[in-house]
Amino acid sequence: MKQSDLKLDGNAIAGVLGEIFAVEMTVAEGTCAGCGNVAPMGAVDVYVNAPGIVVRCSACTQVLMTIVRGRDRTWLDLSGVRRLELRS
Ligand SMILES: [Zn+2]
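Per chain, residues are indexed from 1 in the order of the written sequence. Where totals are concerned, whole chains, interfaces and linings use all residues; where local detail is concerned, this predicted model gives features only for residues with pLDDT of at least 70, and gives and counts side-chain atom pairs only at 80 or more.

**Describing the overall build of the protein**
- Helix and strand content of the protein: 1 helix and 7 strands.
- Numbering of helices and strands runs from the N terminus, with a helix taken as a DSSP run of H or I at least four residues long and a strand as a DSSP run of E at least two residues long. Along the protein, helices and strands appear, N-terminal first, in the series α-β-β-β-β-β-β-β.
- Atoms counted for the radius of gyration: C-alpha only. Globule rule: 2.2 Å times residue count to the power 0.38. For 88 residues, the compact-globule estimate of 2.2 N^0.38 gives 12 Å, and the protein exceeds it by more than 25% at 16 Å.
- Expressed as lengths along the three principal axes of its C-alpha atoms, the size of the protein is roughly 50 × 35 × 25 Å.
- The exposure scheme places C-beta atoms from the backbone and then counts, for each residue, the other C-beta atoms within 10 Å of its own, assigning buried at 20 or more, exposed at 12 or fewer, and partly exposed in between. The burial tally for the protein puts 8% of its 88 residues in the buried class.
- Of the contacts made within the protein by residues no fewer than 6 positions apart, 34% connect residues no fewer than 24 positions apart. This entry defines residue contacts through backbone-placed C-beta atoms, with two residues in contact when those atoms are within 7 Å.

**Brief notes about the pairing of strand 5 (residues 63-69)**
- Pairing between two strands is assigned when DSSP locates at least 2 bridges connecting them. With 4 bridges connecting them, strand 4 (residues 53-56) and strand 5 associate as antiparallel partners. What sits directly across from Val55, in strand 5, is Met65.
- Between strand 4 and the antiparallel strand that follows it, strand 5, lie 6 residues; Thr61 among them carries a positive phi value of about 70°.
- Looking at chain direction, strand 5 and strand 6 (residues 74-77) are connected through 4 bridges and run antiparallel. Within strand 6, the residue paired with Val68 across the bridge is Trp75.
- From the end of strand 5 to the start of strand 6, which pair antiparallel, there are 4 residues.

Purely geometric stuff here, so don't read any function into it on its own.
Next comes the structure, spelled out in structure tokens:
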């Protein structure tokens, strides 16, 4: 079997992604990429007076995520979150 036979495109994980992001995200525990603090997403600091929504780590103030909503789309940047732990 060739390596290319094992590779699928992103459509192969559509169901898994739908299941993952359908859970209550405020109880998910996020790990800050800056300081390593682990906290429920419901305990982060949120600023809504920016052009989008800015979510910061309550321990070190690093930006964890930004959310910008357009008319027909949403831009989600999670680069400040090292890991999300979701419970089913
Ligand atoms: Zn932090």
